[in-house]
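Summary of the model geometry
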Amino acid sequence: MNQEEYIRSLFVQPDEVLDHVTKSIKQQGMPSISVSPEGGTFLTMLVRIAGAKQILEIGALGGYSGICLLRGLRKEGHLTSLELKQEYADLAHENLKKAGVGEQVTYRIGEALDSLEQLEKEGKTFDFFFIDADKPNYSNYLEYCIRLANPGAIIVADNVLWHGRVYDETDQEDSTRALRAFNEKIAEDSRLESLLIPIGDGMATARVKEK
Ligand SMILES: C[S@@+](CC[C@H](N)C(=O)[O-])C[C@H]1O[C@@H](n2cnc3c(N)ncnc32)[C@H](O)[C@@H]1O
């Protein structure tokens, strides 16, 4: 048994709802790149601890992380989810409805940077952010999240270890370099308190300081 299997065996319970999401993603021929089961458990726990009411997710896929986020959210809370592809958002919404939380989500389709610009124009703010879309834009997404954050908001970004490639200096591929730059930014930005949590493929976790 490796470290991941050990953690999963103790802390992740069998979950028919999430198993269905994983199956539906495969059936639709979509990529199997949902957050890890222990990463999903961590998201639920963090949302609950934060007492978040408004959540912004960047990258919906089939709704796996959306369900995990909503499980930690209060009944009156809401998830805004940004997704490039209409068909992915449709499946995610279907899966969230099956999970009984379909009323608590709004999808915005298109380039996430355009949706973020629009959200800023509308004066929207959030208590919790989950960044999980195209890696080259992670630093741009972080900047928007900080601007859209309520004081004390939490920002989580997935895949920041990139299967160990971020600390392999010989790896100069675009996504690897972008994630390296993102990790440096989230670690050093004076507006944040942050740490990289090595669960799943690595989840950078930050709290936006009060001004
Ligand atoms: C890793 S998957 C998200 C997984 C999802 N968060 C989960 O754990 O269930 C990345 C998603 O980001 C979307 N995406 C990629 N580039 C995007 C962009 N520029 N704007 C909005 N969404 C994008 C992809 O279509 C894909 O659904």
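Before any of the text, the structure's been laid out above.
Here goes a summary of the coordinates provided.

Reading guide: rules and limits
- Residues numbered from 1 in each chain as written.
- Predicted model: local features only at pLDDT ≥ 70, side-chain atom pairs only at ≥ 80, totals over all residues.
- Heavy atoms only, no water.
- Helix = DSSP H or I, 4+ residues; strand = E, 2+ residues; numbered from the N terminus.
- Rg over C-alpha atoms; globule rule 2.2 N^0.38 Å.
- Buried < 20%, exposed > 50% of the residue type's maximum accessible area, 1.4 Å probe, protein only.
- Phe/Tyr/Trp six-rings, centres within 6.5 Å; stacked < 30°, edge-to-face > 60°.
- Lys NZ or Arg CZ within 6 Å of the ring centre and 35° of its normal.
- Salt bridge = Lys/Arg side-chain N within 4 Å of Asp/Glu carboxyl O.
- Near = heavy atom within 4 Å.
- Polar contact = N/O pair within 3.5 Å; in protein donor to acceptor, adjacent residues only side chain to side chain.
- Areas by Shrake-Rupley, 256 points an atom, 1.4 Å probe, with all protein chains shown as cover.

1. Re the overall build of the protein
On a plain count of helices and strands, the protein comes out with 8 helices and 7 strands. On C-alpha atoms alone, the protein measures out to a radius of gyration of 16 Å, which is about the 17 Å that the 2.2 N^0.38 rule sets for 211 residues. Principal axes of the C-alpha set define a box for the protein whose edges measure 45 × 40 × 30 Å. For the protein, the proportion of its 211 residues judged to be buried stands at 49%.

2. Comments concerning the packing of aromatic side chains
In this structure the tally under the stated criterion is 2 aromatic pairs. Plain terms: the ring middles of Phe126 and Phe129 are 5.8 Å apart, the flat faces sit at 65 degrees to each other, and that makes the pair edge-to-face. Given a relative accessible area of 2%, Phe126 falls into the buried group. A residue is classified by how much of its surface remains accessible, and Phe129, at 1% relative accessible area, is buried. Ring centres 5.2 Å apart and planes at 75 degrees place the aromatic pair Tyr138 and Phe182 in the edge-to-face group. With Tyr138 in helix H7 (residues 138-147) and Phe182 in helix H8 (residues 174-188), this residue pair connects regions lying 44 residues apart in the sequence. Of the residues examined, Phe182 reaches a relative accessible area of 0% and is grouped as buried. A cation over a ring is seen here: Arg147 above Tyr144, with NZ or CZ 4.6 Å from the ring centre.

3. As for the pattern of salt bridges
Side chains that differ in sign of charge can pair as their charged atoms come close. Taken as a whole and judged by the stated rule, the model has 18 salt bridges. With a shortest N-O distance of 3.4 Å, Lys124 and Glu122 are connected by a salt bridge. For Lys124, a relative accessible area of 38% corresponds to the partly exposed category. The class for Glu122 is partly exposed, based on a relative accessible area of 35%. Between Asp189 and Arg191 there is a salt bridge, and its shortest N-O distance comes to 2.7 Å.

4. Digging into the site of the ligand
In the region of the ligand, 19 residues are neighbours, and Val35, Gly59, Ser65, Glu83 and Asp132 sit closest. Taking Glu83, its side chain carries an N or O atom lying 2.6 Å from an oxygen atom of the ligand. Contact with the protein chains hides 92% of the accessible area of the ligand, taken as 600 Å² for the molecule alone.

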